[in-house]
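One letter stands for each residue in the lines below.
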Amino acid sequence: MIVKARTLLASCLTGAVMAAALPALAQVTPLRISLNADIRSTNPGVNRDDNTDAVVLHMVEGLVAYGEDASIKPLLAQSVSLSEDGLAYTFKLRDGVKFHNGAPLTSEDVAWSWRRYTDPKTEWRCLSEFDGRGRSKVQAVETPDAQTAVFRLDKPDALFLATLARTDCGMTGIIHKDSVKADGSWDKPIGTGPFKLEEWRRGEFVKLSKFDSYANPAEGKPDGYAGSKRPLVDELRFVVVPDNAAAKAALLRGDIDIVPDIANADVKEIKANPSLGLSIAQNMGLSTLLIQTRDPLLSNVKLRQAIAAALDTAQITAAVTEGLAKHNNSIVPLNSSYHTADHDKGYAYDPEAAQRLLKDAGYKGESIVILTNKRYPQTFASSVLIQAMLQAVGINATLEVLEWGTQLDRYNKGNYQVMAFPYSARLDPSLSYDSVMGSKDKQPRKVWDNPEAQALLERSMLVSDKAERQKIFDELHARFLKEVPFVMLYNGVEASAFRKNVHGFTASVLSKPRAWEVRVAH
Amino acid sequence: MLRFITKRILMAVPTLFIMAVSVFALIRFIPGDPAALMLGDMADPASLSDLRERLGLNHSLPIQFAIWFGNIFQGDLGHSITSSQPVLPLILDRFWISAKIVLIAVLFAALVAVPAGMIAAWRQNSMLDLLLVGTATILLSIPTFWLGLLLLIFFGLKLEWLPIVGYVSFSDDPTAALLYIVMPVATLFLHEMGVLIRMSRASTLEVLRLDYITHARAKGLSEGVVLMRHAFKNAFGPTWTLIGLVLGNLLGGIAVVETVFTIPGLGRLLVDSIFARDYPVIQGCLLFIAFVYVAVNIVVDLLYPVFDPRVTAE
């Protein structure tokens, strides 16, 4: 009797559990990707940061995009052609592309989006690149037919497409005019991307859903922000998890499917875990040791050369990236097609030569302060090693740890002697050089102030011929190694961890998680 | 009573004014430019100048203060630099999330700690006393972030009883909401319980040594009656004050706990805003926290006579 009662009870319980579980099974299980901070807005290229770009670029696409090798590829455009005088870019749009509201993409949408971006009220962060304050000015956008848009420039600009495709510019994403309210203020992104916005709960998550009518730009594999971009999951959720340890715990538990920026120190543990996978990509960010060449002490080139000779950059890179990254002493990133054998030439680690150079420089043990921060653990770790290596050759180096906002302020004012500083990725070598080169009188943050080198850089922004540009970058690199305006250490590394039931996810050179061509087996 | 309340509220006005001035000035002493932080290392001078203009950072500091302070009187704390949201609704949204966790944790901590402290005092120097005081000392010595991580690893990761990241509001799903706040509440509960046990024990010990307790015992009253009727009311006063301070302090933000458990509360908002130099949000948060602190302490003072008849609101 007791056994029967127990069996009956067990059956009832099982039934109840099944009944409770069935609706749950019918629910969509989302692909969950962690973000270390909430996004700032859903408005492409306006109020943004890296996390914002990563989320928004799942919904919005531009005419052109960066591929995995940092070259420019058509995205909404079928083809791009440049007029002989270098002043007109003609974009032929792909057929069959639709916005999330079902409307077809036409050249009129391109022109409308451009007018909106270039309206100062939009507060597009890249406006100054195109309104004449930068290299060139877009004088007009013409729409000869529904599938053609022509951008007319006032002067040739080799970086025009590269700037359009910049992720911080929101890829100059083409959006439908219903993305803004009647008063012109931002509402929500109605783009052409593989996912559409469902809900943004501030501080918690951003929920996107699959765009069923997505027009895939290419078959095959994803290629940066181009290539095949099919949405393979019904729901995508970017979950805000500010604490690294909590993000890792959530991944191990299965509450998160992908952590795009796992700490390097955790890589060994992730590799050893059979339920987790790992994908590593070296990005195009520059990890550097900046030197203030206007400092009375460090204006002496021999002292700067001594610093370079005292640093074993290969060892520093291996140590701070847990062996994941290769050192690079060139401003041209390792992944760039312009990084040829010439750019593999770097500083020779030679402590004895460093001591000789110090003697020649007349160095008498004056204090040299290295500024650093703990917001970027690799930057801090490299600073500690740099201090030790400098002290080993007799340089009186001390470390000063600043909060990131304070360090950025000191950087912008040029108020430092030596500073460990990470630059975010620029995807064209001219832009990488441009971030560090320029007149310190006009912009105190500039690091390398040499008019001759500057003239070379400016030329690289005008010419489109690859061979000619290569020659310019090679010459700039030779000058860079000789003058040592700063020390280039390595390009950043991105380690992404994911659950083994996630298929198709790879870390990207663009340092942002991509959810297209990714599926989850449940 | 009314006079007392009016007096306390009037006393709060200069406190809040001084707070407003100090907050405005101090946050600007910290080096760092919100516009530069927003644009990062890719900022070109033209974009930087545009953004500074839009954010009103090109005005002189007195003008910035006058605009901000003038708007406060109209209930407008400005707009967030980073998210463009109005500051007051943003703060209130986040405050309710923090307040739920803090109020539940402090309520439970007080319910456990006050009797535990009294029992420890009653059995002073016994094994029970040592155990309670030892536990309290350990609990208040453990940093909350570490305690939180331990709970997270044990109950979330090893036992898989509780969810690790995220937050669900009670209006969406009460059961899930409860599961999500168990660990943050437990972290705060354990920590604050340690603080309150020590205070409850110390104030009870003081009362138990007084003549009227000896007199009550001499009358032949049971220990239970002595403790509950004669010792508790007088001994609870200092603990009640401490509960007020703890509440005021915690309601101002539990940034560390909120970060570990990914709770979008007021503390996390404040910390994120400081990193982003989001001046309007920092100023609004700190002013709001000062207001909460003052309000909680006024309420505590008003309720004090309920527990200790010797004290009157007059």
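No experiment lies behind these values; they were computed from the predicted model shown. (Residues numbered from 1 in each chain as written. Chains lettered and ligands numbered in written order. Predicted model: local features only at pLDDT ≥ 70, side-chain atom pairs only at ≥ 80, totals over all residues. Heavy atoms only, no water.)

**Concerning unusual backbone geometry**
- Of note in the backbone geometry, A:Thr172 takes a positive phi value of approximately 45° without being a glycine.
- By the secondary structure assignment, A:Thr172 is in the loop between helix H5 (160–164) and strand E8 (195–201).
- Phi angles above zero are rare outside glycine, and B:Arg277 is one such case at about 50°.
- By secondary structure assignment, the location of B:Arg277 is in the loop between helix H12 (266–275) and helix H13 (279–307).
- Residue classification places B:Arg277 among the buried residues on the basis of a relative accessible area of 0%. (Helix = DSSP H or I, 4+ residues; strand = E, 2+ residues; numbered from the N terminus. Buried < 20%, exposed > 50% of the residue type's maximum accessible area, 1.4 Å probe, protein only.)

**Digging into the interface of chain B and chain A**
- Opposite the 40 residues of chain B that make contact, chain A presents 39 residues.
- It is B:Asp41, B:Met42 and B:Val165 that lose the most area in chain B upon contact with chain A, and together they represent 20% of the buried surface on that side.
- Across the chain B-chain A interface, the total number found is three salt bridges.
- In this structure, A:Arg133 engages B:Asp50 in a salt bridge whose closest nitrogen and oxygen atoms are separated by 3.2 Å.
- Scanning the region where chain B abuts chain A turns up ten residue pairs in polar contact (both at pLDDT 80 or more).
- Put simply, the parts of the chain that give the side of chain B that touches chain A at least two residues each are helix H2 (34–39), helix H3 (45–54), helix H7 (144–158), helix H11 (255–260) and H12 of chain B.
- A class-by-class count of the residues in the side of chain B that touches chain A yields 21 nonpolar, nine polar and ten charged. (Contact = heavy atoms within 4.5 Å. Buried area = accessible area lost by both parts, 1.4 Å probe. Salt bridge = Lys/Arg side-chain N within 4 Å of Asp/Glu carboxyl O. Polar contact = N/O pair within 3.5 Å; in protein donor to acceptor, adjacent residues only side chain to side chain. Nonpolar A, V, L, I, M, F, W, Y, C, P; charged D, E, K, R; others polar.)

**A few points about the packing of aromatic side chains**
Residues and elements named next belong to chain A.
- By the definition in use, this model includes 32 aromatic pairs over all chains.
- Ring geometry for Tyr338 versus Phe473: centroids 5.1 Å apart, planes at 80°, classification edge-to-face. With Tyr338 in the loop between helix H9 (313–320) and helix H10 (351–361) and Phe473 in helix H15 (residues 466–483), this residue pair connects regions lying 135 residues apart in the sequence. Like Tyr338, the residue Phe473 is buried in the burial classification.
- Pairwise contacts between aromatic rings join Tyr89, Phe91, Trp114, Tyr117, Trp124, Phe130, Phe151 and Phe160 into one cluster. (Phe/Tyr/Trp six-rings, centres within 6.5 Å; stacked < 30°, edge-to-face > 60°.)

**A short note on the state of the cysteines**
All names here are of chain A.
- This structure, assessed with the given rule, holds one disulfide over all chains.
- Disulfide pairing places Cys126 opposite Cys169 at an S-S distance of 1.9 Å. An S-S torsion of about -90° defines the bridge between Cys126 and Cys169 as left-handed. Placement of the pair is Cys126 in the loop between helix H3 (107–118) and helix H4 (127–130) and Cys169 in the loop between H5 and E8, with a sequence separation of 43 residues.
- Residue class for Cys126 comes out buried when judged on its relative accessible area of 0%. (Disulfide = S-S within 2.5 Å.)

**Notes on the confidence of the model for chain A**
All names here are of chain A.
- Summing up the model confidence of chain A, the mean pLDDT is 91 and the portion of residues at 70 or higher is 94%.
- Across chain A, element-level confidence peaks in strand E5 (residues 88–93) with a mean pLDDT of 98 and bottoms out in helix H1 (residues 2–26) with 44.
- Ignoring residues within four places in sequence, the model shows residues 1–26, a span with pLDDT below 50, making zero contacts including any to other chains. (pLDDT = per-residue confidence, 0-100.)

**Re the pattern of salt bridges**
- One pass over the structure, following the stated rule, counts 37 salt bridges over all chains.
- Here A:Arg201 ties to A:Glu199 by a salt bridge, and the two come within 2.9 Å at their closest N and O atoms.
- Residue classification places A:Arg201 among the partly exposed positions, given a relative accessible area of 24%.
- In this structure A:Glu199 comes out as partly exposed when scored by relative accessible area, which is 28%.
- A salt bridge links B:Arg52 to B:Asp33, with the nearest nitrogen and oxygen atoms 2.9 Å apart.

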